[in-house]
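Residue strings, one per chain:
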Amino acid sequence: MTGTGGHAADRLREIGWGLSAVSVIVVVLIAGLIGLAIARGRRRLAAEGDGVGRDFGGLSWIYWGVGLSFPVLIALAVWTFIVTRAVANPPSPTALTVEITAHRWWWEIRYRGERAADEIVTANHLVLPVGIPVRLLLTSDDVIHDFWVPKLGPKMDMIPGKSNATWLEADRPGLYRGQCAEYCGLEHARMAFTVTAVPVNDFRRWRREQLQPQVPRVGRGAAVFTSACSACHTVRGTGAAGILGPDLTHFASRPTIAAGVLPNTVSGRLEWLGDTQGVKPGAAMPQVPLDEADRGAVAQYIGSLR
Amino acid sequence: MSAIADAAPGQGGRWTGPLDPKPPASPNPAEVAERLENIWGDAPGLRGWFGTVDHKTIGVRYMITSFVFLILGGLEALVMRIQLAQPNATTLSPEQYNQLFSLHGVTMIFLYAMPVLSGFSNYLWPLMLGSRDMAFPRLNALSYWLFLAAGIFLYASFPLGAAPDGGWFGYVPNTAREYSPGPNIDVYCLGLIFLGISTTVGAANFVVTLLRMRAPGMSVNRLPIIIWGTLTASVANLFAVPAVSLACLMLWLDRNHGTHFYDIAGGGQPLLWQHLFWLFGHPWVYAIVLPAMGMVSDALPVHCRRPLVGYTLVATATVATMVVGFGVWLHHMFATGLPVLALSFFSAASFVIAIPSAVSVFSWIATIYTGRVRLTVPFLFFTSVILLFVIGGVSGVMTASLAFDWQLTDTYFIVAHLHYVLIGINLFAVVGAIYHWLPKMSGRMMDERLGRWVFGFMFIGFNLAFLPMHWLGLIGMPRRVWTYGADMGFSATNLVVSIGAFVFATGILLFLVNIATALRSGRPAGPDPWGGPTLEWAIPSPPPVYNFAIIPLVATRHPLWEDQLDEGSERSQLASGFLLDNGKETLGVTPLDGEPDVILKMPGDSLLPFAFSVAALVLFGGLLVGSAWIAVIGGAAAIIALVVWFRPHPTPEACEKVRIYD
Ligand code: HEM
Ligand SMILES: [Cu+2]
């Protein structure tokens, strides 16, 4: 609930603090009443002995208690519906649509363009223009996952066979963490992603860069990639066009590897390639048998995919 | 004769025919007791052990078994807390963690929380209602043996590394064959279907018992609240359990026999599972707290030396909770992308359901405030239930808020909330109830000094373990994660939580010591150590196997407090009334007013419930391993047991004569 980055999250934070405050007040009040009641009951025992007493009334407690709880609940419900309306729909029409498909255990992210050629595909890293509401179309390729960026807004399930529409807006630039929130099996804990919110101009530049294909390269790394990796991964502009794993065209522009499991650094890449199943057991990527030199070369190659 | 005529005015009209009063056969109380002992006692040896249908034995077995599961589930939790005490820990692998949290949830919800209450109710119902047994003693035995068999079935998977790993609500398609190829989820599906039979059988028994098996004069406005709670829970279970059994059956068929109920590729719907599951699940979570709230409503007043404030309101609130409880299941699905308008109705209903809970809370506080408080250990536990219930209640209201639940759902906030509800209202009430009723069950008091330590450890440990979890959820820690990173800001809080869990567990351990020493060397309790108002305190502790030598005649809600309360001239009759010693008999009454209307011949010991349960275990085992042969053998054995059970047998003498002991 701290350090929010957008207005939906702000509204949720407000009602969150409001509900928490009411809750704390209620608990403290009740604790006080219980304490008072015990003290009073002890005094009675001391004064009157512990024989069974007549029914001394007390019904008014229930009337007062329920009578006071009711308006509070109504008020909270009304506030809830106001916030629900505010949060369920974006403040202005969305100008950009992003389709996100969850996979066990990573995120495929597709920015729709006006023309098919304007479409870009990335993974585990969402880049947003600050101040612009973005429409999200969420679905899943396998089991139910849940898209959640705690500091930006509500969560939404990603259900196979169903496309759930929601929206997201970052009002302040920054790096935010996203996380799968619906238990989705073995690596649910490590199905994260990053969101960077950048000023609109930077976003346009990023988008232009992402649209560029890579140029085919010669060298050991590229060769190893083609033979060992391209069955599952795409690098646009080269021959690699696999679709089972994340698109790696601009891999080096992403902050993490394997949905937040490792930092995208030289040593991170080496570790991922050297012990894939050790780093993320159960991941859909197998351990690719490479000797050390090949591994170094291919790590360097993907590290160059800016 | 005259006493009965006074207490049961309906006698003239309805109470003729078979219930023709005759003078007692053996007016000597000692002789009567011995006769009844012979009639009601179990057969000696193993046959009696496996064949008993005594509700008290069955109740105690239920409680012991569910406590064994509580301890197993608790150990699983402690291992999880060791793993989560620090970031990036590797004590457990993800697969191990996933099995542990799933089995922990399944164990606590299905094998502890409901059965422990069934145990209490089984034990207490006939004693509180003034009856000699439940309506269907053999069915009662059957529901216990089935529960045990289903528990064994679920747990046998654990040492084999194939325990359920889809969480306690097993969302499809994560649990479909494609994504969970092992036997883990088959264990879950079949186990829940298996257990559902036990629950259904037990629930039907409670409902019929309530309708028929009460002392004369025990009209519905005189029932203890725990009876209301268990009755409400039982009726709800009769409606709710079929939903989950069906859901599990369809999942099992999808997984093993190529159906497509949940499979989108075949035109199925993953969300169907969630609807069916929560249609069951939400009423169920009320079913596992309402009887416990009933215990508080009945036992707390004893320690406050006065009747419960607002009996009628509390009884009504109990039923109302359940009625509304059937209309809130969608609040478990706020993030599924269903239309906001539909969700809003369920959000509103979820706010409303707080009202009946408020009735109970204020009734309890008022009872303390206007009572004469004895600071006994049961009192401490019952009073802490009020506070913990309120904490779990307000966090429940927070999750009822549709918009804010979009932040809270599937985080540690929910883990905190559900433990406040389940441990706060169920476990704390149950432990208090054991301090309160163990003297009745065993004839011995539990040590109060040690009891205070138990309370201290449990209360402080519990809050230390679960209060900070709310914060973890608010700052974004998702639930069901086997580890978390050091940079996420979760580490310190998680360490506190884990320490709290161990403090709490220490409390439970001391509690077991407390029970053990009480059973071995506790101070003798006498029939009525607390000065209670209800019928169970009128008979010796532990109660004789036939409960009441003479079926009491009930005239008020507090038969044992009539003189002190002075609420009119009516007096219950405890020492004179129906003496049924002509065989294994008890009295049947009319459903609403509790007027005697028939003498019921009660069945004796039987090995059939045990045999049927073993056969069912074989059947389910065969289905699990996919062996048609084993399944057929088990199924055939089960059918044979049923045929023997229901074989035509001679009906008892057409006209039974009733005797009165005066
Ligand atoms: C020593 C006491 C206990 C501790 C330390 C404890 C701790 C935990 C932990 C660590 C989790 C897993 C959270 C996650 O990974 O999301 C959990 C889940 C759960 N616990 Fe407990 N627990 C305790 C007792 C109980 C009791 C007494 C009950 C019920 C009566 C209960 C019911 C549940 C349920 C239903 C879940 C959810 C399982 C799921 O997500 O499928 N727990 N508990
Ligand atoms: Cu996921």
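Residues numbered from 1 in each chain as written. Chains lettered and ligands numbered in written order. Predicted model: local features only at pLDDT ≥ 70, side-chain atom pairs only at ≥ 80, totals over all residues. Heavy atoms only, no water.

- As named in an unreviewed UniProt entry, chain B is Cytochrome c oxidase subunit 1, taken from Tsuneonella deserti.
- Within the UniProt record for chain B, the comment given under Sequence similarities (unreviewed entry) is "Belongs to the heme-copper respiratory oxidase family."
- Turning to chain B, the UniProt annotation filed under Pathway (unreviewed entry) states: "Energy metabolism; oxidative phosphorylation." (UniProt positions renumbered as here; feature names shortened; annotations may be inferred.)

1. Considering unusual backbone geometry
Item 1. The linkage connecting Arg104(A) with the following residue, Trp105(A), adopts the cis geometry, with an omega of 0°.
Item 2. Among the secondary structure elements, Trp105(A) is positioned in the loop between β1 (96–103) and β2 (106–111).
Item 3. Between Ser541(B) and the following residue, Pro542(B), the backbone shows a cis peptide bond with an omega angle of -15°.
Item 4. Turning to its location among the elements, Pro542(B) is positioned in the loop between α19 (491–521) and β2 (551–553).
Item 5. Located in the positive-phi region is Ala258(A), a residue other than glycine, with phi close to 55°. (Helix = DSSP H or I, 4+ residues; strand = E, 2+ residues; numbered from the N terminus.)

2. Side note on the coordination of the copper ion (ligand 2)
Residue and element names in this part refer to chain A.
Item 1. Donor atoms from the polypeptide that bind the copper ion (ligand 2) are His145 (ND1), Cys180 (SG), Cys184 (SG) and Met191 (SD), placed at 2.1 to 2.8 Å.
Item 2. What the four donor atoms of the copper ion (ligand 2) show is an angle range of 83 to 128° at the metal, which sorts the shape as irregular.
Item 3. In the primary structure, the donors to the copper ion (ligand 2) are separated according to the pattern H-x34-C-x3-C-x6-M. (Donors = N, O, S within 2.8 Å, 3.2 Å for Na, K, Ca; no water. Tetrahedral: all angles 85-135°; square planar, octahedral: opposite > 155°, others 65-115°.)

3. Considerations on the UniProt feature "domain: Cytochrome oxidase subunit I profile" (unreviewed entry) in chain B
Item 1. Taking the numbering used here, the UniProt-annotated feature "domain: Cytochrome oxidase subunit I profile" (unreviewed entry) corresponds to residues 49–555 of chain B.
Item 2. In residues 49–555 of chain B, helix accounts for 69% and strand for 1%; the two terminal C-alpha atoms are 37 Å from one another.

4. Brief notes about the coordination of the iron atom of ligand 1
All names here are of chain B.
Item 1. The protein atoms that coordinate the iron atom of ligand 1 are His104 (NE2) and His419 (NE2), at distances spanning 2.0 Å.
Item 2. In this structure, the iron atom of ligand 1 is surrounded by six donor atoms whose angles at the metal cover 87 to 180°, and the resulting shape is octahedral. Within this pair, whereas His104 is found in helix α6 (residues 94–129), its partner His419 is found in helix α17 (residues 412–442), the two being separated by 315 residues in sequence.
Item 3. Exposure remark for His419: the relative accessible area of 14% places this residue in the buried category. (Buried < 20%, exposed > 50% of the residue type's maximum accessible area, 1.4 Å probe, protein only.)

5. Comments concerning the packing of aromatic side chains
All names here are of chain B.
Item 1. Under the counting rule described, the total for this entry stands at 59 aromatic pairs over all chains.
Item 2. The interplanar angle of 80° and the centroid separation of 5.1 Å between the aromatic rings of Phe381 and Phe455 together place this pair among those described as edge-to-face. Here Phe381 is found in helix α15 (residues 377–400), whereas its partner Phe455 is found in helix α18 (residues 448–474), with 74 residues between them in sequence.
Item 3. Here Phe381 falls in the buried class, since its relative accessible area comes to 0%. (Phe/Tyr/Trp six-rings, centres within 6.5 Å; stacked < 30°, edge-to-face > 60°.)

6. Topic: helix α14 (residues 354–369) of chain B
Item 1. Taking 1.5 Å per residue as the helical rise, α14(B) with its 16 residues ought to reach 22 Å, and the 22 Å between its terminal C-alpha atoms agrees with that figure.
Item 2. Counting buried positions along α14(B) yields 16 of 16 residues, so the element is predominantly enclosed. (Expected span 1.5 Å × (residues − 1).)

7. Notes on the interface of chain A and chain B
Item 1. Across the boundary between the two partners, chain A contributes 80 residues, which contact 83 residues of chain B.
Item 2. When chain A packs against chain B, close to 7000 Å² is buried across both sides, 70% of that on carbon and sulfur atoms.
Item 3. A per-residue breakdown of the area chain A buries against chain B is headed by Val52(A), Trp61(A) and Tyr183(A), which together make up 11% of the total.
Item 4. For Asp50(A), the salt bridge identified is with Arg374(B), shortest N-O distance 2.8 Å.
Item 5. Put simply, chain A and chain B have 23 residue pairs in polar contact (both at pLDDT 80 or more) between them.
Item 6. Looking at the side of chain A that touches chain B, the elements with two or more residues in it are α1 (7–48), α2 (59–88), β6 (145–148), β7 (156–158) and β9 (174–180) of chain A.
Item 7. Sort the elements by how many residues they give to the side of chain A that touches chain B and α1(A) lands first, with 21 residues.
Item 8. Across the side of chain A that touches chain B, the residue classes break down as 43 nonpolar, 19 polar and 18 charged. (Contact = heavy atoms within 4.5 Å. Buried area = accessible area lost by both parts, 1.4 Å probe. Salt bridge = Lys/Arg side-chain N within 4 Å of Asp/Glu carboxyl O. Polar contact = N/O pair within 3.5 Å; in protein donor to acceptor, adjacent residues only side chain to side chain. Nonpolar A, V, L, I, M, F, W, Y, C, P; charged D, E, K, R; others polar.)

8. Brief notes about the site of ligand 1
Residue and element names in this part refer to chain B.
Item 1. What surrounds ligand 1 is a group of 24 residues, the closest being Tyr97, His104, Trp168, His419 and Arg480.
Item 2. His104 places a polar side-chain atom, nitrogen or oxygen, 2.8 Å from a nitrogen atom of ligand 1.
Item 3. Here His419 contributes a side-chain N or O atom positioned 2.7 Å from a nitrogen atom of ligand 1.
Item 4. When residues of the shell around ligand 1 are traced back to their parent elements, those giving at least two are α5 (55–84), α6, α17 and α19.
Item 5. When residues in the shell around ligand 1 are grouped by element, the largest group, seven residues, is from α6.
Item 6. Considered class by class, the residues forming the shell around ligand 1 number 17 nonpolar, four polar and three charged. (Near = heavy atom within 4 Å.)

9. Some points on helix α7 (residues 292–303) of chain A
Item 1. With twelve residues, α7(A) ought to run about 16 Å at 1.5 Å a step, and its terminal C-alpha atoms sit 16 Å apart, in line with that.
Item 2. Where the residues of α7(A) are buried, they touch α4 (220–228) and α5 (266–274) of chain A.

10. Looking at the pairing of strand β10 (residues 192–198) of chain A
Residues and elements named next belong to chain A.
Item 1. Counting buried residues along β10, seven of its seven residues qualify, which places the element largely inside the surrounding structure.
Item 2. By the bridge criterion, five bridges tie strand β4 (residues 125–129) to β10 in an arrangement that is parallel. Residue Pro129 lies in a different strand from β10, and its bridge partner there is Val198.
Item 3. Taken together, the six bridges between β9 and β10 define a ladder with antiparallel strand orientation. (Pairing = 2+ DSSP bridges.)

11. A closer look at empty space enclosed by the protein
Residues and elements named next belong to chain B.
Item 1. All told, the structure shown has seven cavities of 30 Å³ or more when counted by the stated rule.
Item 2. What the largest cavity holds in volume is close to 170 Å³.
Item 3. Lining the largest cavity are 19 residues; nearest its centre among them are Tyr62, Met114, Ser118, Ser198 and Thr199.
Item 4. Among the elements of the structure, α6, α7 (137–156), α8 (184–212) and α9 (225–257) are those that each provide at least two residues to the lining of the largest cavity. (1 Å grid on protein atoms, 1.4 Å probe; cavity = no way out; pocket = protein on both sides within 12 Å on 5 of 7 lines; lining within 4 Å. Points joined across faces, edges and corners; volume = space filled by probe spheres on them.)

12. A few points about the sheet that holds β7(A)
All names here are of chain A.
Item 1. Strand order in this open sheet of five strands is β4-β10-β9-β6-β7, and the pairing throughout is mixed. Strand pairing shows two members of the sheet lacking a second neighbour, β4 and β7, which therefore form its edges. The mean angle between the axes of side-by-side strands here comes to 25°, regardless of whether they run parallel or antiparallel.
Item 2. Here helix α3 (residues 200–211) sits on the sheet and contacts β4 and β10; the angle it forms with β4, its principal contact strand, is near 135°. (Axes fitted to C-alpha atoms, helices over the stretch in contact; angles between N-to-C directions.)

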